[in-house]
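Examination of the molecular architecture
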Amino acid sequence: MLADIFYIWSESPALSLAIWLVISITLLYAGRPHAHQLLRSTGRAIHGTLRVASASIRQLEERVQARNRDVLLAAGREAMEKSIEREFNRVNNIVERDLSQYPALHRKLAETLEKIEEDYHASTDNAPLPPAWSEVMTTIGSLPSTGDPAVASILENIKEVVENSHEETLKAYQKGTNERHKILGGMRPHWRALGGTMNKVQETITGLEERARTIDRQMGEYEAMRKAEDKSVNSLTSSSLTQFFISSLVLVIAAFGGIINFHLIAMPMSEMVGGASYMGSVRTSDIAALVIIMVEISMGLFLLEALGITRLFPVIHSLDDRMRKRMAIAAFTILVIFASIEASLAYMRDLLALDREALQQSLAGAAVAEAQLRWIPSLGQLALGFILPFALAFVGIPLESFIHSARTVLGLIALWMLRVLRVTVRMVGGMANHLSKMLVSLYDLFIMVPLSIERMVRYHRETAAEKPADASEPPTRSSRRAPKKAEEPIADNLPLTTGEA
Amino acid sequence: MMSRNLQSVCRASVVRMRLVLAAVLTLLLVGCGEPTNHSRAAFVLIDISSEYAGERQKAQLLTNYLLAELNSGDSLAVGFIDNSSFSERNIIARATFDHRPSVASQQKRVFQAEVQDFMDRFRVPSYHSDVTGGVLLATDYLREVDAGKKHLFIMSDLHEDLPPGINRNIRVELDDIEVVAVNVKRQRSDNNDPEQYQQRLADWQQKVSSRGGSWQVVNDMARLESAVALR
């Protein structure tokens, strides 16, 4: 059909092509202003529309950025408030634990000091110093003994008496000194107790000082967050990303733990709920095993929530302490029951596996081998079945971190996607504009022959018109340029919008 | 102002109601779908005619393989092909395994013992072989257990040799049954004219396919696992 139209003018392909070319060039030349206008206006319309879209996306991007910042700062403030609260609690504990006992401590100190003082006074009650017996004895000794024997005897008696008195006095003195030493020795534990008490007080005061410094630092950070400083926003973003990756890693590990747990109880579950029933395309026993694991995780979440470790459920947090304690006990009890069930299921799995193995061996025609040390894997499975639920119960902690940090990460991803979209839209708009210009040039290139003829004709006409004027005055630069402006086609000089500019 | 607030609250509650209704309807539609039948059933037909009786050991291997593969809720039966196979006495053992794996294991042991007992007691091969009668017996059993997947394993040379007075010109319906001819032994006459063997297989294939079943030939027992998708 198309070939028939092509050969409508002549049988010769070359001639037909030439005729068609002439016709098309003529038609295109005739419709040039309209075609130019169409191409340029389309290009500009696409460009303008996409610019508006890009501006809208930018606004959205700014809103998302502001929202991310708000979320981040709010989360940071909340975390910091919690941290400061915890520090204050610690200070309170220190004050309650140590300083509340201060009156007793003070009494103890006073008593110790009193005892020491008493002992001191007791030690100062000196025994009478030995009188100057030695001098008396020396004097008596130096008296001449060559006189009256009665005098000599009296003197001898006096000497003996004095010597005896001296010895007695010396003994009394030594006894008194020993007693004072004993009193001073008894003071030693009191001094030590005093030193210990003082050290204790010093430790308490030092601990309080450290806590006060930590609180000061945290208050500074909190203040920066309240002022929404960029530094704190950047720090929070980085911390949030770190939290996200760490919690994701822990959750993946927990997921693997869950899978192991599932395989541990899925087979024996078929013994309880039947191995032939299905829900959809999944075995009911598998679903039951999954439900048990999910319930264990839920109980773990409730336990952590009731203990105040996580804050995922505001309802639980708003309960009073007694209620929360009861809830924690209930959750822990259920968890223990489920762990016991799992342990028994894990043991049953071992028995079933053993039975199945024996059957397979019998079907294969092999003699059923007596398994050695079968109790080790049995015990291992039993222990694993009991421990894994408790391990999974702690999944609430990384889950909370993950949820909190995911808000930031999702915000960042949304921001990044919006940025990419904006750049793409801008690029497409610019390309559409340039493409329309290229198409205009391509159009002119196709019809360059009639355009050249037109230019030549116009030039000849202009030169013919300018000749009489040349005789009077030479052409100025502006007068030369003026016709050139008129010569330009309409579409190329269509005014650009401010946006395009 | 109050009436406007009331209107907005009413509108919001209507939207919520619609969402809940849509969710409930979706759940109902999903829940009302026909439940898929995941159970499997297999019937093993063993030819005990004089030409094929020597292959009994392989039949036992096949039975053991099926016992290992089938689980709770699945069904298995073993029958034999002799002069007239369409009777209850031709069934050696049959069982639908309990939903508890431990009980199913016990059933499998009993099943294996029954087959073993038959093999031990077997002395005299049959003179004729009524393959179609056996297939009829098997299809009846498979239809009765109503499993999701039905397999019929025929261990025979597929040479039908009916005794006089037995009519097997009836249509055997094999809808959704996967027929697997295992270890189709070549007869002495097939050695002289291999076309006979090919023709026999082609006839059976045509017969099975035309009646809604699918046909497979597995001569190598080791290839059985890969050829037959029991799982």
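Fair warning: this is a prediction, and the values are worked out from it, not measured in the lab. (Residues numbered from 1 in each chain as written. Chains lettered and ligands numbered in written order. Predicted model: local features only at pLDDT ≥ 70, side-chain atom pairs only at ≥ 80, totals over all residues. Heavy atoms only, no water.)

**Focus on the overall build of chain A**
Selection criterion: A run of DSSP states H or I qualifies as a helix once it reaches four residues; a run of E qualifies as a strand once it reaches two. Both are numbered from the N-terminal end. Residue contacts follow a heavy-atom distance rule, with two residues in contact if any of their heavy atoms lie within 4.5 Å. Note that accessible areas follow from Shrake-Rupley with a 1.4 Å probe, and for residues the cover is restricted to the protein chains shown.
Helix and strand counts for chain A come out as 14 helices and two strands. Sequence separation of at least 24 residues holds for 81% of the intrachain contacts in chain A that already meet a minimum separation of 6. On chain A, roughly 32900 Å² of surface is accessible, and the fraction owed to carbon and sulfur atoms is 65%.

**Structural notes on the pattern of salt bridges**
To keep things clear, this is the line we draw: For this document, the term salt bridge refers to a Lys or Arg side-chain nitrogen within 4 Å of an Asp or Glu carboxyl oxygen.
Across all of its chains, the model carries 20 salt bridges over all chains by this definition. Salt-bridge contacts for B:Arg89 lead to B:Asp82; the nearest nitrogen and oxygen are separated by 2.7 Å. Through salt bridges with shared partners, a single ionic network connects A:Glu61, A:Arg419 and A:Arg422.

**Regarding a negative patch on the surface**
Residue and element names in this part refer to chain A. Cut-off, in case you're wondering: Patch rule: a residue counts if its relative accessible area is over 30% and it has no salt bridge; like charges are joined within 9 Å, and nonpolar side chains (Val, Leu, Ile, Met, Phe, Trp, Tyr) within 5 Å. Counted as positive: Lys and Arg. Counted as negative: Asp and Glu, with His and the chain ends omitted from the count. Here the site of a charge means atom NZ of a Lys, CZ of an Arg, CG of an Asp or CD of a Glu. Each residue is placed in one exposure class: buried if its accessible area under a 1.4 Å probe, protein chains only, is under 20% of its type's maximum, exposed if it is over 50%, and partly exposed if it falls in between.
Taken together, Glu156, Glu160, Glu163, Glu167 and Glu168 make up a surface patch of like negative charges. Assignment of secondary structure puts Glu163 in helix α6 (residues 149-226). When its relative accessible area of 32% is taken as the criterion, Glu163 is described as partly exposed.

**Description of empty space enclosed by the protein**
All names here are of chain B. What counts here: Buried and open spaces are told apart on a 1 Å grid over the protein atoms alone, a cavity being a set of points where a 1.4 Å probe fits but cannot get out and a pocket being an open set with protein on both sides within 12 Å along at least five of seven lines. Residues with an atom within 4 Å of a point are the lining residues. Grid points are joined across faces, edges and corners, and a volume is the space filled by probe spheres set on the points. Basically, the charged four are Asp, Glu, Lys and Arg, the nonpolar ten are Ala, Val, Leu, Ile, Met, Phe, Trp, Tyr, Cys and Pro, and anything else, Gly included, counts as polar.
Applying the stated rule across the entire model yields one cavity of 30 Å³ or more. What the largest cavity holds in volume is close to 50 Å³. Contributing to the lining of the largest cavity are Thr132, Val135, Val172, Leu174, Trp204, Lys207, Val208 and Arg211. Of the residues assigned to the lining of the largest cavity, the class counts are five nonpolar, one polar and two charged.

**What about the side chain of A:Ser248?**
Residue and element names in this part refer to chain A. Keep this limit in mind: Whenever two N or O atoms come within 3.5 Å, that pair is a polar contact, provided that in protein one can donate a hydrogen and the other can accept it, and provided that, for residues adjacent in sequence, both atoms are side-chain atoms.
Tracing the chain through its elements places Ser248 in helix α7 (residues 230-273). By relative accessible area, which is 17% here, Ser248 ends up buried. At a separation of 2.6 Å, a polar atom in the side chain of Ser248 contacts the main-chain carbonyl oxygen of Phe244.

**Section: the environment of A:Tyr347**
All names here are of chain A. Within the secondary structure layout, Tyr347 lies in helix α10 (residues 321-363). A relative accessible area of 39% places Tyr347 in the partly exposed class. Between the alpha carbons of Tyr347 and Leu384 there is a distance of 9.8 Å; along the sequence they are 37 residues apart.

**What to know about the sheet that holds strand β6 (residues 214-218) of chain B**
Residue and element names in this part refer to chain B. Heads up, the rule is: Any two strands with at least two DSSP bridges between them are considered paired. An axis is simply a line fitted to the C-alpha atoms; with a helix, the fit covers only the stretch in contact. Between two such axes, the angle follows the N-to-C directions and lies from 0 to 180 degrees.
If you trace the six strands from one edge of the open sheet to the other, you get β3-β2-β1-β4-β5-β6, paired in mixed fashion. If you trace the sheet from one side to the other, it starts and ends with β3 (91-96) and β6, each paired once. Across the sheet, the mean angle from the axis of one strand to that of its neighbour is 15°, orientation sign disregarded. Against the sheet, helix α3 (residues 101-121) makes contact with β1 (40-47), β2 (75-81) and β3, and its axis sits at roughly 175° relative to β3, the strand it touches most.

**Remarks on the interface of chain A and chain B**
Stated precisely, the cut-off is as follows: Buried area counts how much accessible surface, traced with a 1.4 Å probe, disappears from two parts once they are put together, with both parts' losses summed.
Taken together, the contact between chain A and chain B spans 17 residues of the former and 16 residues of the latter. Carbon and sulfur atoms supply 54% of the area that chain A and chain B bury against each other, a total of about 1400 Å² over both sides. Per-residue buried area on chain A facing chain B is highest for A:Glu271, A:Leu359 and A:Leu363; these three make up 41% of the total on that side. At the junction of chain A with chain B, the criterion picks out one salt bridge.

**A few points about the nonpolar core**
All names here are of chain B. What counts is decided by this rule: In plain words, nonpolar cores are sets of buried Ala, Val, Leu, Ile, Met, Phe, Trp, Tyr and Cys residues tied together by side-chain atoms within 4.5 Å.
Core analysis: the largest hydrophobic core is formed by 35 residues, its most contacted members being Val44, Leu62, Leu66, Leu76, Phe111, Phe153 and Leu224. Every residue in contact with Phe153, bar those within four places of it in the chain, is listed here: Ala42, Phe43, Val44, Leu45, Leu62, Leu66, Val180, Val182, Leu224 and Val228. Val135, Tyr141, Val184 and Trp215 belong to the second largest nonpolar core, which has 28 residues in total.

**A closer look at the packing of α7(A) against helix α8 (residues 284-306) of chain A**
The relative placement of two packed helices comes down to the angle between their axes together with the axis-to-axis distance. Residue and element names in this part refer to chain A. In plain terms, the rule: Under this scheme an angle from 65 to 115 degrees is roughly perpendicular, one under 35 degrees roughly parallel, and one over 145 degrees roughly antiparallel; angles in between are oblique. Each crossing is labelled by how the near helix is turned from the far one, with a counterclockwise turn of less than a right angle marking it left-handed and a clockwise turn marking it right-handed.
Contact geometry of α7 with α8 gives a least axis separation of 7 Å together with a crossing angle of 130°. Here α7 is positioned oblique relative to α8, judged by the angle of their axes. In the packing of α7 onto α8, the handedness of the crossing is right-handed. Counting all contacts with α7, which are made through Gly258, Asn261, Phe262, Ile265, Ala266, Met269, Ser270 and Val273, the residues of α8 involved are Thr284, Ser285, Asp286, Ala288, Ala289, Leu290, Ile292, Ile293 and Glu296.

**Some thoughts on a nonpolar patch on the surface**
Residues and elements named next belong to chain A. Residues Leu435, Met438, Leu439, Leu442, Leu445, Met448, Val449, Ile453 and Val457 make up a contiguous nonpolar surface patch of about 860 Å² in total accessible area. For the nonpolar patch, the secondary-structure elements that each account for two or more residues are α12 (396-446) and α13 (448-472). Per element, the largest residue contribution to the nonpolar patch is five residues, and it comes from α12. Among the structural elements, Met438 can be located in helix α12.

**Considering α12(A)**
Put simply, the rule reads: Each residue after the first adds 1.5 Å to the expected span of a helix. At every residue, the bend is computed as the angle between two fitted axes, covering the seven residues ending there and the seven beginning there respectively.
Along its 51 residues, α12(A) runs 71 Å from first to last C-alpha, staying within 8% of the 75 Å computed at 1.5 Å per residue. At A:Ala406, α12(A) is bent by approximately 30°, the largest bend along its length.

**Digging into the confidence of the model for chain A**
Basically, it comes down to this: The predictor's confidence in any single residue is recorded as pLDDT, a number from 0 to 100.
With 89% of its residues at a pLDDT of 70 or more, chain A shows a mean pLDDT of 83. Below a pLDDT of 50 lies the segment residues 477-501 of chain A, which in the model reaches 29 contacts outside its immediate sequence neighbourhood of four places, other chains included.

**Here we look at the packing of aromatic side chains**
Heads up, the rule is: Ring pairs shown here join Phe, Tyr and Trp side chains whose ring centres sit within 6.5 Å, with only the six-membered ring taken for Trp; geometry is labelled stacked below 30 degrees between planes, edge-to-face above 60, and tilted in between. Working rule: Lys NZ or Arg CZ, within 6 Å of ring centre, within 35 degrees of ring normal, means a charge sits over the ring.
Counted under the stated rule, the structure contains eight aromatic pairs over all chains. A ring pair is formed by A:Phe244 and A:Phe245, whose centres lie 5.7 Å apart and whose planes are at 80°; its orientation type is edge-to-face. Under the relative-accessibility criterion, A:Phe244 is labelled buried at 16%. Ring-pair connections join several aromatic residues into one group, and the members of that group are A:Phe244, A:Phe245 and A:Phe402. Geometry around B:Phe97 places B:Lys108 over its ring, the cationic atom sitting 5.5 Å from the centre. Over the face of the ring belonging to B:Trp204 we find B:Lys207, whose NZ or CZ atom lies 4.2 Å from the ring centre.

**Focus: the environment of A:Phe313**
All names here are of chain A. Position of Phe313 relative to the elements: it lies in the loop between α8 and α9 (314-318). Residue Phe313 is classed as partly exposed on the basis of its relative accessible area of 31%. With residues up to four places along the chain from it excluded, the contact list for Phe313 reads Leu301, Phe302 and Glu305.

**So, the pairing of strand β4 (residues 149-155) of chain B**
Residues and elements named next belong to chain B. Burial analysis of β4 places six of its seven residues in the buried class, the great majority of the element. Looking at chain direction, β1 and β4 are connected through seven bridges and run parallel. Bridge pairing links Val44 to Phe153 in β4. Looking at chain direction, β4 and strand β5 (residues 177-182) are connected through six bridges and run parallel. Looking at β5, one finds that Ile154 is bridged to Ala181.

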